[in-house]
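# An overview of the molecular structure
Residue strings, one per chain:
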Amino acid sequence: MKQKKISRWLKAMILMLAVLGILFFGPLTCFAFQYKAEHPGSLFWTFIFFSWYTALLCYAVLIEFWKICTEIGRDNSFSMENAIGLHRMGMCAVAAEAGFLARFLWFLLIHELRPWPVLLIVLEMLLCLIFVTLCEALSKLTQNAYEVKRENELTI
C-alpha cells in the first residue's frame, strides 16, 4: 500500500512538472517570435528550435519516469524495467547535452554569442552531466538490486 501511495505522489509531481514545462516553453516561444519581429536582422531568435528539442527530451524523461513510478506502484521497484528506464532517461540527457553544444556552436556560427546565453548553456550542460551521472548510477544500483532479488528468489 505504501508503494502505491509513493507512486501516486511521484506521478502527481510528474504532472506538475509537465504543466510547468508548458508554462515555461510557451512564453519562451512567444518571446522568440517577438524578438524576431523586433530584430529582423538577427538570427538570435532561432534558439527556440533548440529549446523545443530540449522540451521534447524533457517530456521523454517524464514519460520514462512515469513508467518507473508505475513499477514502484506495483511493488516492483528493483526491476530490470526500471534499470532500463533510468538508463533511457540518462540517454535523453546525453542527447540534451548534444543539443546544448549544437546551440553553442550555432550561436558561434551566426555571430550571436553573448555572455548570458553562453553562461546559461554551460550551466545546462553541467546539469545534464549531473543528471546523466545520477541516472546511470541509479540504473546500475537498480540492476544490481534486481539481480540480488532474483538470486534470493531462486534459492528459496
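Heads up: the structure comes first, above all this text.
Residues numbered from 1 in each chain as written. Predicted model: local features only at pLDDT ≥ 70, side-chain atom pairs only at ≥ 80, totals over all residues. Heavy atoms only, no water.

## Overview of the overall build of the chain
Quick note on the threshold: Secondary structure elements are taken from DSSP: a helix is a run of H or I of four residues or more, a strand is a run of E of two residues or more, and numbering for both begins at the N terminus. Radius of gyration: C-alpha atoms only; globule rule: 2.2 Å multiplied by the number of residues to the exponent 0.38. Exposed residues in this analysis have more than 50% of their type's maximum accessible area, buried residues have under 20%, and partly exposed residues fall in between, with area computed by a 1.4 Å probe over protein chains only. His residues and chain termini do not enter the charge count, which takes Lys and Arg as positive and Asp and Glu as negative. Where a charge lies is defined by one atom per residue type: Lys uses NZ, Arg uses CZ, Asp uses CG and Glu uses CD.
Helix and strand counts for the chain come out as four helices and zero strands. Reading the helices (α) and strands (β) of the chain from amino to carboxyl end gives α-α-α-α. Against the 2.2 N^0.38 benchmark of 15 Å for 156 residues, the chain shows a C-alpha radius of gyration of 20 Å, more extended than a compact globule. Counting only C-alpha atoms and orienting by the principal axes, one finds that the chain spans roughly 70 × 25 × 15 Å. Among the 156 residues that make up the chain, the fraction classed as buried is 35%. Each charge class in the chain was averaged separately, 14 positive and 12 negative side chains, and the resulting centres sit 7 Å apart.

## Let's talk about the packing of aromatic side chains
The line we're drawing: Only Phe, Tyr and Trp rings take part, Trp by its six-membered ring, and two of them pair if their centres are within 6.5 Å. Stacked means planes under 30 degrees apart, edge-to-face means over 60, and tilted covers everything else.
Counted according to the given criterion, the structure contains ten aromatic pairs. Ring geometry for Phe-31 against Tyr-35: centres 6.0 Å apart, planes inclined by 50°, an arrangement best described as tilted. Placement of both Phe-31 and Tyr-35 in helix α1 (residues 2–38) is noted, with a separation of four residues, approximately one turn of the helix. Judged by its relative accessible area of 40%, Phe-31 falls in the partly exposed class. Between Phe-33 and Trp-52 the ring centres are 6.3 Å apart and the planes differ by 35°, which places this aromatic pair in the tilted class.

## Some thoughts on the nonpolar core
Note the following rule: What makes a nonpolar core is a set of buried Ala, Val, Leu, Ile, Met, Phe, Trp, Tyr and Cys residues whose side-chain atoms join them at distances within 4.5 Å. Any two residues whose heavy atoms approach within 4.5 Å are treated as being in contact.
By size, the foremost hydrophobic cluster in this structure holds 23 residues, and its most contacted members are Phe-47, Ile-48, Met-89 and Phe-107. Of all the elements, helix α2 (residues 47–73) adds the most residues to this core, at seven residues. Excluding its chain neighbours within four sequence positions, the residues that come into contact with Phe-107 are Phe-44, Phe-47, Glu-112, Leu-113, Pro-117 and Ile-121.

## Quick look at the side chain of Glu-64
Mapping Glu-64 onto the fold places it in helix α2. Residue Glu-64 is classed as buried on the basis of its relative accessible area, which comes to 10%. Apart from the residues within four sequence positions on either side, Glu-64 is in contact with Gly-85, Arg-88 and Met-89.

## Notes on the packing of α2 against helix α3 (residues 80–109)
Counted only if it meets this: Axis definition: a line fitted to C-alpha atoms, over the contacting stretch in the case of helices. Angles run 0 to 180 degrees between N-to-C directions. Geometric relationships in this document are graded by angle, where less than 35 degrees denotes roughly parallel, more than 145 denotes roughly antiparallel, 65 to 115 denotes roughly perpendicular, and other angles denote oblique. Under the convention adopted here, Pro, Cys and the residues Ala, Val, Leu, Ile, Met, Phe, Trp and Tyr are nonpolar, Asp, Glu, Lys and Arg are charged, and Gly plus all remaining residues are polar.
With their axes 9 Å apart at the nearest point, α2 and α3 run at an angle of 170° to one another. Relative to α3, the element α2 lies roughly antiparallel. Residues that form the contact of α2 with α3 fall into these classes: 18 nonpolar, five polar and six charged.

## Brief notes about the state of the cysteines
Which entries qualify depends on this criterion: Two cysteine sulfur atoms form a disulfide, by the criterion used here, when they sit within 2.5 Å.
Following the criterion strictly, the structure yields zero disulfides and no others. There is no disulfide at Cys-92, and the cysteine sulfur nearest it, in Cys-135, is 8.9 Å away.

## Some points on unusual backbone geometry
Positive phi is not limited to glycine here, since Asp-75 has a value of about 60°. Checked against the element boundaries, Asp-75 lands in the loop between α2 and α3. Relative accessible area serves as the criterion here: at 57%, Asp-75 is assigned to the exposed category. Of note, His-111 is a non-glycine position whose phi angle comes to about 60°, a positive value. Tracing the chain through its elements places His-111 in the loop between α3 and α4 (115–155). Using a relative accessible area of 71% as the deciding quantity, one classes His-111 as exposed.

## Quick word on the pattern of salt bridges
As a reminder, the rule being used: Throughout this description, the term salt bridge denotes a Lys or Arg side-chain nitrogen within 4 Å of a carboxyl oxygen of Asp or Glu.
Inspection of every chain in the model, using the stated rule, returns five salt bridges. Two residues, Glu-124 and Arg-103, come together in a salt bridge whose shortest N-O distance is 3.5 Å. Of this pair, Glu-124 sits in helix α4 while Arg-103 sits in helix α3, and the two are 21 residues apart along the sequence. For the pair shown, Glu-124 and Arg-103 are each scored as buried. Salt bridges sharing partners connect three or more residues here, namely Glu-64, Lys-67 and Arg-88.

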